[in-house]
Amino acid sequence: MGTEIFHQYESEVRSYCRAFPTIFKRAKGSFIEDEDGRRYLDFFAGAGALNYGHNPDFIREKLIDYLRDDGIMQALDMFTVAKGEFIKTLQEKILLPRKLDYRIQCCGPTGTNAVEAALKIARKVKGRAAIFAFQGGFHGMSLGSLACTGNQYNRMSAGTPLPNVNFMPYPFGAMEKIDTIAYMDSVLSDPNSGFDKPAAVLVETVQAEGGIVVAPEEWLKQLRALCDKHDLLLIVDDIQVGCGRTGGFFSFERAGIVPDVITLSKSISGYGLPMAIVLLKPELDKWLPGEHSGTFRGHQLAFIGGAAGIEMWTSQGLQQQVEQKSLLVENSLSNIIEELDPRLQLRGLGLIWGLDFSVIGNSDLVERVLAKCFDKGLLIENAGRKGQVMKLLPPLTISENELQQGLDIIRDSMKECFLRTAGQSYKHVVTR
Ligand SMILES: Cc1ncc(COP(=O)(O)O)c(C=O)c1O
């Protein structure tokens, strides 16, 4: 099969296929294979939907058994064994051990559906329309989520105003030097500030699409306290960096905070199946029956995968594994920076890392490096303002050997785009 069928009939809106121009056919573990049998190591992991890798046997067998057994596939939000097992597993293995008390709302199957539901319930409970989101934040493409997303390119696509959201400074770049919590406090305390009091603050503890920007633990603690002080709900969007990506199951655990509402999607189904949920404190569960509805609120296979994924995460000690692998990534990338250009910035934790090229060039340079990586058999994408951050997002289950293999490809690809000067440093060169 050639790519003509896509070029001829698929909408121009397609995007990842432009960075990875081949036709994929099958995948296993940390590798994805195209129709010609070429294998690529996957540092993209379905944009965070494949924390357990491709087709993990443990989950796959449970899905096959369920299908073979003619398990229910569509039940809207009726009670099913699959949903019951998922809720039980999430409660017993994740929420109870962390002393977290949440109601689980199953919503439409993608991340943006969870964000929409979270915004709606916050507005309903607090009786206020405004939301505080953050510069650099990414929360999805439907209008409510898009209103909370900073990216101008995406926002322009709305074709309509995106109201009731104020963007606050995230502790990054020039804003790192100012006390952003004090700024928010002053805005919220000053009756003449011009800001409508919000229902909630929506935050990513690590901005993923925003360029792998890790909020300091202390800042997150202060944000929690600020929400309490001003009677605002704290919504943590853990869609990309939850499910073990940063080490703990939830990304906010490192700060020891408890959000009022959590959104989860991407890897929550364990197997890359569409699924999204909202966790909300029981006292916030003011929904009326059917008030927020939808046909695909709960994909039954995703429930099976989700329960198996949680079992896998706990029984295989993935948290400890991630800590170990995190060090490997940090050390290797630090060595690359030292060798090639100390102005490159490294940010990350767990198994989400970003190499920021913004001080030394534009997104063209990152894109050249990524294209070289692809040629050498590594799938990896960019993120961040102007796309200047190389984003490493391997499956949590990747072996250390595979991880090193991918890091070596990154180093080799970068070297080919950087030219050794007379001194010790490299300077980037235009090669394509
Ligand atoms: C933090 C965050 N929230 C929400 C979304 C939207 O999820 P979806 O693309 O499944 O609608 C994303 C997607 O990348 C995300 O990273």
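Scope of this entry: the structure provided in the associated data block. Throughout, a residue's number is its position along its own chain's written sequence, starting from 1. Per-residue local features are limited, in this predicted model, to residues with pLDDT of at least 70; the limit for side-chain atom pairs, both in listing and counting, is 80 or more; totals at the level of whole chains, interfaces and linings are taken over all residues. Hydrogens and water molecules were not included; the side-chain quantities draw on all heavy atoms of the structure.

## Structural notes on the packing of aromatic side chains
Then step 1. Pairing of aromatic rings covers Phe, Tyr and Trp, the last counted by its six-membered ring, and requires centre-to-centre distances within 6.5 Å; plane angles under 30 degrees mean stacked, over 60 mean edge-to-face, and any other angle means tilted. Taken as a whole and judged by the stated rule, the model has 14 aromatic pairs.
Then step 2. Aromatic pair phenylalanine 134 and tyrosine 170: ring centres 5.8 Å apart, planes at 70 degrees, arrangement edge-to-face. Within this pair, whereas phenylalanine 134 is found in strand β5 (residues 131-134), its partner tyrosine 170 is found in the loop between β6 (165-168) and α9 (180-189), the two being separated by 36 residues in sequence.
Then step 3. Here phenylalanine 134 and tryptophan 219 contribute two aromatic rings whose centre-to-centre distance is 5.3 Å and whose plane-to-plane angle is 65 degrees, an arrangement assigned as edge-to-face. Of this pair, phenylalanine 134 sits in strand β5 while tryptophan 219 is found in helix α10 (residues 217-229), placing the two residues 85 residues apart along the sequence. This pair shows no difference in class: phenylalanine 134 is buried, exactly as tryptophan 219 is.
Then step 4. Among the aromatic residues, those joined into a ring-pair cluster are Tyr16, Phe20, Phe24, Tyr40, Phe44 and Phe374. Numbering of helices and strands starts at the N terminus; helices are DSSP runs of H or I of at least 4 residues and strands are runs of E of at least 2. Accessible area is worked out with a 1.4 Å probe on protein chains only. A residue is then buried under 20% of its type maximum, exposed over 50%, and partly exposed in between.

## Remarks on the site of the ligand
Then step 1. Around the ligand lies a shell formed by Thr110, Gly111, Thr112, Phe138, His139, Gly140, Glu204, Asp237, Ile239, Gln240 and Lys266.
Then step 2. Two N or O atoms form a polar contact when they lie within 3.5 Å of each other; inside protein one atom must be a possible hydrogen donor and the other a possible acceptor, and for residues adjacent in sequence the pair counts only when both atoms belong to side chains. Glycine 111 places a polar main-chain atom, nitrogen or oxygen, 2.8 Å from an oxygen atom of the ligand.
Then step 3. For the ligand, whose accessible area on its own is 390 Å², the fraction buried by protein is 83%.
Then step 4. Here the residues of the shell around the ligand sort into two nonpolar, six polar and three charged. Proximity is defined per residue: if any heavy atom of the residue lies within 4 Å of a molecule or strand, that residue is considered near it. Per-residue accessibility takes into account occlusion by the displayed protein chains alone, with areas from the Shrake-Rupley method and a 1.4 Å probe. Under the grouping applied here, Gly and all other residues not named as nonpolar or charged are polar, the nonpolar ones being Ala, Val, Leu, Ile, Met, Phe, Trp, Tyr, Cys and Pro and the charged ones Asp, Glu, Lys and Arg.

## Examining the environment of proline 395
Then step 1. Residue position: proline 395 is located in the loop between β17 (389-392) and α14 (400-417).
Then step 2. Along the sequence, proline 395 and alanine 49 sit 346 residues apart, while their C-alpha atoms lie 9.0 Å from each other.
Then step 3. We call two residues contacting when some pair of their heavy atoms lies within 4.5 Å. The contact partners of proline 395, leaving out residues within four places of it in the chain, are Gly29, Ser30, Asp42, Ala45, Leu50, Asn51, Gly53, Arg245 and Leu351.

## Focus on the pairing of β5
Then step 1. Because side chains alternate across β5, one face comprises the buried residues Ile131 and Ala133, and the other comprises Phe132 and Phe134, equally buried.
Then step 2. By the convention used here, strands pair only if DSSP detects at least 2 bridges between them. The sheet contact formed by β5 and β6 spans four bridges and is parallel. Bridging across to β6, phenylalanine 132 finds its partner in asparagine 166.
Then step 3. The pairing of β5 with strand β7 (residues 200-203) spans two bridges and is parallel. The residue bridging isoleucine 131 from the neighbouring strand is alanine 200, located in β7.

## Overview of the sheet that holds β5
Then step 1. Strands sit in the order β4-β12-β11-β10-β7-β5-β6 across an open sheet of seven strands; the sheet is mixed. Both outer strands of the open sheet, β4 (103-106) and β6, are each paired with one neighbouring strand and no more. When the angles between neighbouring strand axes are averaged without regard to direction, this sheet yields 20 degrees.
Then step 2. Alignment of β7 against strand β10 (residues 233-237), held across four bridges, turns out to be parallel. Within the sheet, the bridge partner assigned to valine 201 lies in β10 and is leucine 234. Axes, fitted as lines to C-alpha atoms, cover a helix only where it is in contact. Angles between the N-to-C directions of the axes lie from 0 to 180 degrees.

## Some details on the side chain of serine 413
Then step 1. Structurally, serine 413 is set in helix α14.
Then step 2. Discounting residues that sit within four places of it in the chain, serine 413 has contacts with Val369, Lys372, Cys373 and Lys376.

## Some thoughts on the sheet that holds strand β1 (residues 24-28)
Then step 1. Taken in spatial order, the four strands line up as β1-β2-β3-β15 in an open sheet, and their pairing is mixed. Because the sheet does not close on itself, it has two edges, and the strands there are β1 and β15 (378-379).
Then step 2. Two strands pair when backbone bridges link them, and β1 and strand β2 (residues 31-34) are joined in this way by four bridges, in the antiparallel orientation. Within the sheet, the bridge partner assigned to alanine 27 lies in β2 and is isoleucine 32.

## A look at the environment of leucine 318
Then step 1. Note that leucine 318 resides in helix α12 (residues 318-340).
Then step 2. Classification of leucine 318 by relative accessible area gives buried; the value is 1%.
Then step 3. For the pair leucine 318 and lysine 266, spaced 52 residues apart in the sequence, the C-alpha separation amounts to 17 Å.
Then step 4. With residues up to four places along the chain from it excluded, the contact list for leucine 318 reads Tyr52, Met312, Trp313, Leu396 and Thr397.

## Details of the packing of helix α13 (residues 363-375) against α14
The angle between the axes and the distance between the axes are what describe a pair of packed helices.
Then step 1. Where α13 contacts α14, the axes come no closer than 9 Å and their chain directions differ by 130 degrees. Here α13 lies oblique to α14, going by the angle between them. Remark: the crossing between α13 and α14 carries right-handed chirality. Contacts between α13 and α14 involve Leu365, Arg368, Val369, Lys372 and Cys373 on the former and, on the latter, Ile409, Ile410, Ser413, Met414, Glu416 and Cys417.
Then step 2. Considered class by class, the residues forming the contact of α13 with α14 number seven nonpolar, one polar and three charged. Here the angle decides the label: under 35 degrees means roughly parallel, over 145 means roughly antiparallel, 65 to 115 means roughly perpendicular, and every other value means oblique. By convention, the crossing between two helices is left-handed when the near helix turns anticlockwise from the far helix through less than a right angle, and right-handed when the turn is clockwise.

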